[in-house]
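# Observations on chain architecture
Each chain, written out:
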Amino acid sequence: MRIATLTSGGDCPGLNAVIRGAVRTASGAGATVVGYQDGWQGLLEDRRVQLYDDENIDRILRRGGTILGTGRLHPDDFRAGIDRVKANLADAGIDALIAIGGEGTLKGAQWLHENGVPVVGVPKTIDNDVNGTDATFGFDTAVAVATDAIDRLHTTAESHNRVMIVETMGRHVGWIALHAGMAGGAHDILIPEFPFDIEDVCKKMARRFQMGEKYGIIVVAEGAVPREGTLEMPERQVDRYGHEKLENMGQTIANEIHRRLDTDVRATVLGHIQRGGTPTAYDRVLATRFAVHATRSALRGEFGVVVALHGEEIQRISFPEAVGTLKRVPEGRYTTAQALFG
Ligand code: F6P
């Protein structure tokens with residue numbers, strides 16, 4: 001059997017652990033694996049490399065990013081290329097495709113499956129927002145990076161009597177901000193799921209200073225939204241994939257707190273640092289487990305499924321269970337965090 005794999009969408013720590021896991025599992029069953037480069041684009045252009053079960057594949061377990069490269073492709077370009085995709089897979093003698101990616105990639109994989117391509121999905125994203133799985137690999141690493149940054153900002157904030165705004169990734173959901181903010185002892189956390197009132201944010205900070213505290217830390221997800229009519233936001237541009245360019249949420253909040261409280265405020269954008277570097281042990285293990293189960297599905301001819309973590313077990317879910325809606329932070333999780341605000 002000949003299995004193909006690819007990584008698509010934003011990269012995240014643990015992708016290489018999946019590639020290694022797939023190659024080693026396939027090899028153990030007498031199958032081989034090829035990797036398409038740069039996501040769906042590489043599949044359309046038939047750019048592929050043979051992956052061997054050797055010492056090089058073992059070394060990538062610890063490595064961040066993806067050895068195959070990744071990229072984004074507009075859904076219209078993808079749909080227009082379906083005949084080429086099928087022809088490329090047939091010419092290469094591919095019997096199964098393991099697509100590793102977030103919600104957008106899994107939607108593409110679902111569409112391929114509906115068009116007769118034998119696909120298995122592996123969910124990834126630092127944002128932890130893929131539905132139907134308790135966790136995605138990459139998230140734990142991103143939270144560890146963001147928590148370390150918050151720890152460091154505590155000491156400099158205290159030295160300078162400042163409010164520090166820490167902006168994390170999280171376009172539609174606030175999992176990274178919530179977890180890093182809780183782990184880092186933030187005094188407020190603002191996430192897309194629960195629109196914030198800048199007045200309340202300022203009151204919390206003012207109260208801290210009145211109580212004799214010297215500083216404040218506010219963690220803000222890049223996609224946090226102000227309650228309607230409470231804060232003027234700069235105009236946002238839209239990229240070619242229809243995504244709003246989320247720039248300056250942290251800085252906008254910093255400016256407003258400075259204006260209202262006349263206190264020293266600084267904003268730090270963690271950005272792609274959260275996505276880079278070596279995966280944590282947790283992410284390596286989850287990525288490897290996903291890889292083994294996805295490859296076993298491919299070997300058994302079980303297609304149209306996505307591997308997912310349910311409690312302690314890896315299970316298979318259908319594409320519709322994984323795509324369509326995002327896994328958002330539920331209210332109970334946010335109100336628990338709120339108990340420690342201020
Ligand atoms: O991986 C998901 C994500 O981290 C989002 O939180 C973020 O908005 C986006 O990727 C940014 O990705 P890029 O800069 O690669 O377009």
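Each chain has its residues counted from 1, running along the sequence as written. Since the coordinates come from a predicted model, pLDDT governs what is reported: local features require at least 70, and pairs of side-chain atoms require 80 or more to be given and counted, while whole-chain, interface and lining totals use all residues. Hydrogen atoms and water are omitted, and side-chain values are computed over all heavy atoms in the structure.

## What to know about the environment of Asp151
Selection criterion: Numbering of helices and strands runs from the N terminus, with a helix taken as a DSSP run of H or I at least four residues long and a strand as a DSSP run of E at least two residues long.
On the secondary structure map, Asp151 appears in helix H7 (residues 139-160). On a C-alpha basis, the gap between Asp151 and Met211 in space is 22 Å, while along the polypeptide they are 60 residues apart.

## Focus on the UniProt feature "domain: Phosphofructokinase" (unreviewed entry) in the chain
The following threshold applies: UniProt positions are given in the numbering used here, feature names are shortened, and annotations may be inferred rather than shown by experiment.
In the numbering used here, UniProt assigns the "domain: Phosphofructokinase" (unreviewed entry) feature to residues 2-296. Within the segment residues 2-296, helix and strand shares are 42% and 16% respectively, and the terminal C-alpha atoms sit 13 Å apart.

## Some details on the packing of aromatic side chains
Inclusion rule: Working definition: a ring pair exists when centres of Phe, Tyr or Trp rings (six-membered ring for Trp) sit within 6.5 Å. Plane angles under 30 degrees give stacked, over 60 give edge-to-face, the rest tilted. With a 1.4 Å probe rolled over the protein chains alone, any residue whose accessible area is under 20% of its type maximum counts as buried; one over 50% counts as exposed, and the rest are partly exposed. Charge-over-ring contacts are defined here by two conditions on Lys NZ or Arg CZ: a distance within 6 Å of the ring centre and an angle within 35 degrees of the ring normal.
Within this structure, the stated rule accounts for five aromatic pairs. Measuring from ring centre to ring centre gives 6.3 Å for Phe137 and Phe290, while their planes differ by 65 degrees; the resulting arrangement is edge-to-face. With Phe137 in the loop between strand S5 (119-123) and H7 and Phe290 in helix H11 (residues 281-300), this residue pair connects regions lying 153 residues apart in the sequence. In this structure, Phe137 and Phe290 share a single accessibility class: buried. Relative to Phe341, the ring of Tyr334 lies with its centre 6.0 Å away and its plane at 70 degrees, an arrangement referred to as edge-to-face. For Phe341, a relative accessible area of 14% translates into the label buried. Just above the ring of Tyr215 sits the side chain of Arg208; from NZ or CZ to the centre is 5.7 Å.

## Some points on the site of the ligand
Condition: When at least one non-hydrogen atom of a residue lies within 4 Å of a molecule or strand, that residue is treated as near it. In the analysis that follows, any N or O atom pair within 3.5 Å is treated as a polar contact, provided that within protein one partner can donate a hydrogen and the other can accept it, and provided that, for residues neighboring in sequence, both atoms belong to side chains. Only Asp, Glu, Lys and Arg are considered charged, only Ala, Val, Leu, Ile, Met, Phe, Trp, Tyr, Cys and Pro nonpolar, and every remaining residue, Gly among them, polar. Residue ranges for the domains originate in an automatic or database domain assignment.
Every residue close to the ligand is listed here: Arg72, Ile126, Asp127, Met169, Gly170, Arg171, Glu222, His272 and Arg275. Between the ligand and the protein, one listed contact pairs an oxygen atom with a side-chain N or O atom of Arg171 at 3.3 Å. Arg275 places a polar side-chain atom, nitrogen or oxygen, 2.8 Å from an oxygen atom of the ligand. Residues of the shell around the ligand, tallied by class, amount to two nonpolar, two polar and five charged. Composition of the shell around the ligand by domain shows at least three residues from each of domain 1 (2-127 + 279-324) and domain 2 (139-276).

## Examining the pattern of salt bridges
Any two side chains of opposite charge can pair, so long as their charged atoms come close to each other. Our working rule: Take a side-chain nitrogen of Lys or Arg and a carboxyl oxygen of Asp or Glu: if they are within 4 Å of each other, that pair is a salt bridge.
Within this structure, the stated rule accounts for 19 salt bridges. For Arg47, the salt bridge identified is with Glu45, shortest N-O distance 2.9 Å. Classification of Glu45 by relative accessible area gives partly exposed; the value is 41%. Sharing partners across several salt bridges, the network here consists of Arg20, Arg24, Asp53 and Asp58.

## Focus on the UniProt feature "binding site: Mg(2+)" (unreviewed entry) in the chain
Formally: Any two residues whose heavy atoms approach within 4.5 Å are treated as being in contact.
The residues that UniProt annotates with the feature "binding site: Mg(2+)" (unreviewed entry) are Glu103. Examined against the element boundaries, Glu103 turns out to sit in helix H6 (residues 103-114). The buried category is assigned to Glu103, whose relative accessible area is 15%. Once residues lying within four places of it in the same chain are set aside, the contact partners of Glu103 are Val130, Ala322, Val323, Gly324, Thr325 and Leu326.

## Description of the pairing of S5
Formally: Criterion used throughout: strands pair if DSSP finds at least two bridges between them.
Burial within S5 is extensive, with five of its five residues counted as buried. Residues of S5 alternate between two faces, with Val119, Gly121 and Pro123 on one and Val120 and Val122 on the opposite face, all of them buried. Note: strand S4 (residues 96-101) against S5, five bridges, orientation parallel. Along S5, the bridge assignment pairs Leu97 with Val119. Pairing geometry for S5 and strand S10 (residues 305-310), over two bridges, is parallel. Directly across from Gly121, in S10, lies its bridge partner Val306.

## What to know about the sheet that holds strand S11 (residues 313-318)
Rule in force here: Orientation is described by axes fitted as lines to C-alpha atoms, over the contacting stretch for helices, and by angles from 0 to 180 degrees between their N-to-C directions.
What the seven strands build is an open sheet, ordered S3-S2-S1-S4-S5-S10-S11; its pairing is mixed. Two strands in the sheet have a free side with no partner beyond their single neighbour: strand S3 (48-51) and S11. Strand-to-strand twist in this sheet, taken as the mean axis angle between neighbours without regard to direction, amounts to 30 degrees.

## Focus on the nonpolar core
Applicable threshold: Here, the term nonpolar core denotes a set of buried Ala, Val, Leu, Ile, Met, Phe, Trp, Tyr and Cys residues that are joined through side-chain atoms within 4.5 Å.
Counting residues in hydrophobic clusters, the biggest one holds 63 residues, and the most contacted among them are Val122, Phe137 and Ile217. If you tally residues by element for this core, the top one is H7, at eight residues. Residue assignment places this core across two domains, with domain 1 (2-127 + 279-324) and domain 2 (139-276) each supplying three or more. Setting aside chain neighbours within four positions, we find Val122 in contact with Val18, Ile98, Ala99, Ile100, Gly101, Leu106, Phe137, Phe290, Ala294 and Val307. Judged by nonpolar contacts, the second largest core, of 29 residues, contains Ala92, Ala308, Ala322 and Val323.

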